[in-house]
Amino acid sequence: FFNFYFANFLRLKMQNIRSVQRVTERELKLGIDGRGKDSWHHDHRHSACVHVGGLPRDLSEGDVCVIFSQYGNIQDLRLVRDRETGDSKGFAFVTYQDQRSTILSVDNLNGAKVLGRMLSVDHAEYKPPQKDSDSEPEETFHDHVKKKQKEYKKDLLQAARDEREDKHVRKLEAKQHKQDALEAKRLRLLELQEASKRQENERGTDSDRDRHRRDGDRDRRDRDRHRDRDRDRDRDRDRDRDRDRDRERRDRVKDKKRDDRRRRRSSTPRRERRRRSDS
């Protein structure tokens, strides 16, 4: 029985959507203004409310407001929900500030698909339900908007607070990073100073070793030079002594020859000497 009832309900709903679409298309072809007396919208000129059916159950009041606020400012929106579970029943009543907005929404949104479901939008004579004095007041669209605005402001404040905390944390991290960089630079400078000191000590040791080696080489060269000089002096002295000895020997030989000539001359008669000289 339920399936039969639900099938008939869907058939009637589709018939209503198609009938509204057919009437709208016919008025468009005939050039009838929706605000004129010849339009079928003229019968609902005293109501600024539309009935919306076929809404997906996941849509909230804000989503419905976004969809229907394209055609005018919304004065009130009532998304019918289950009293026990709070889940959406799939239909709502939207009240515009201007009645002409209902014509636009019916002509454009009737038969439109949202999340795979076809919307049924038609004029409605909607009156808010009377509330009992003992029962809790039902949340209206304005209350819902104010609640959402408060939640949005709260989220903004929380985001600003989180951003300030993030900035403070980033500032502390940057300061710590700067201190770490300075400490690393100081340690690097100390390492460089120690390395330079070691190099200077090694260079000093090498320079002392080189100085001792140079001093040893200079002393050795001086000794070799003095020895060569002494050798040359001794050689010159021996040469001079030999030359003097040779000179003395030659002088003795000359003196001896001269003495021999004198001796022979003195022993030879004068005539013989003259004859020898003449011959």
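Not measured: the values here are computed from a predicted model.

Caption draft 1: Quick peek at a positive patch on the surface. Together, Lys 257, Arg 261, Arg 262, Arg 264 and Arg 265 make up a positively charged patch on the protein surface. Examined against the element boundaries, Arg 265 turns out to sit in helix H4 (residues 141-267).

Caption draft 2: Here's a closer look at the packing of aromatic side chains. Enumeration over the complete set of coordinates arrives at one aromatic pair. Aromatic pair Phe 91 and Phe 93: ring centres 6.3 Å apart, planes at 85°, arrangement edge-to-face.

Caption draft 3: Structural context of the pattern of salt bridges. Inspection of the entire model under this criterion finds 19 salt bridges. In this structure, Arg 220 and Asp 217 form a salt bridge, with 2.2 Å as the shortest nitrogen-oxygen distance. With Arg 220 and Asp 217 both in helix H4 and three residues apart, the pair spans about one turn of that helix. In this structure Arg 220 comes out as partly exposed when scored by relative accessible area, which is 40%.

Caption draft 4: View of a negative patch on the surface. Among the surface-exposed residues, Asp 162, Glu 163, Glu 165 and Asp 166 lie close enough to one another that they form a single negatively charged patch. Relative to the assigned elements, Glu 165 resides in helix H4.

Caption draft 5: Structural context of helix H2 (residues 61-68). Restricting attention to buried positions, one finds in H2 the residues Glu 61, Val 64, Cys 65, Ile 67 and Phe 68. Viewed along the axis of H2, the buried residues span an arc of 160°, placing them on a single side of the element.

Caption draft 6: The arrangement of the pairing of strand S1 (residues 49-53) in detail. Counting buried residues in S1 gives four out of five residues, a clear majority hidden from the surface. Pairing of S1 with strand S3 (residues 88-96), which is carried by five bridges, proceeds in the antiparallel orientation. Paired with Cys 49 across the two strands is Thr 95, which belongs to S3. Relative to strand S6 (residues 120-124), S1 runs antiparallel, the two sharing five bridges. Bridging from a neighbouring strand, Val 52 pairs with Val 121 of S6.

Rules and cut-offs
- Residues numbered from 1 in each chain as written.
- Predicted model: local features only at pLDDT ≥ 70, side-chain atom pairs only at ≥ 80, totals over all residues.
- Heavy atoms only, no water.
- Patch = residues over 30% accessible without salt bridge, like charges linked within 9 Å, V, L, I, M, F, W, Y side chains within 5 Å.
- Areas by Shrake-Rupley, 256 points an atom, 1.4 Å probe, with all protein chains shown as cover.
- Salt bridge = Lys/Arg side-chain N within 4 Å of Asp/Glu carboxyl O.
- Lys, Arg positive; Asp, Glu negative; His and termini not counted.
- Charge placed at Lys NZ, Arg CZ, Asp CG, Glu CD.
- Helix = DSSP H or I, 4+ residues; strand = E, 2+ residues; numbered from the N terminus.
- Phe/Tyr/Trp six-rings, centres within 6.5 Å; stacked < 30°, edge-to-face > 60°.
- Buried < 20%, exposed > 50% of the residue type's maximum accessible area, 1.4 Å probe, protein only.
- Arc of directions from axis to C-beta.
- Pairing = 2+ DSSP bridges.

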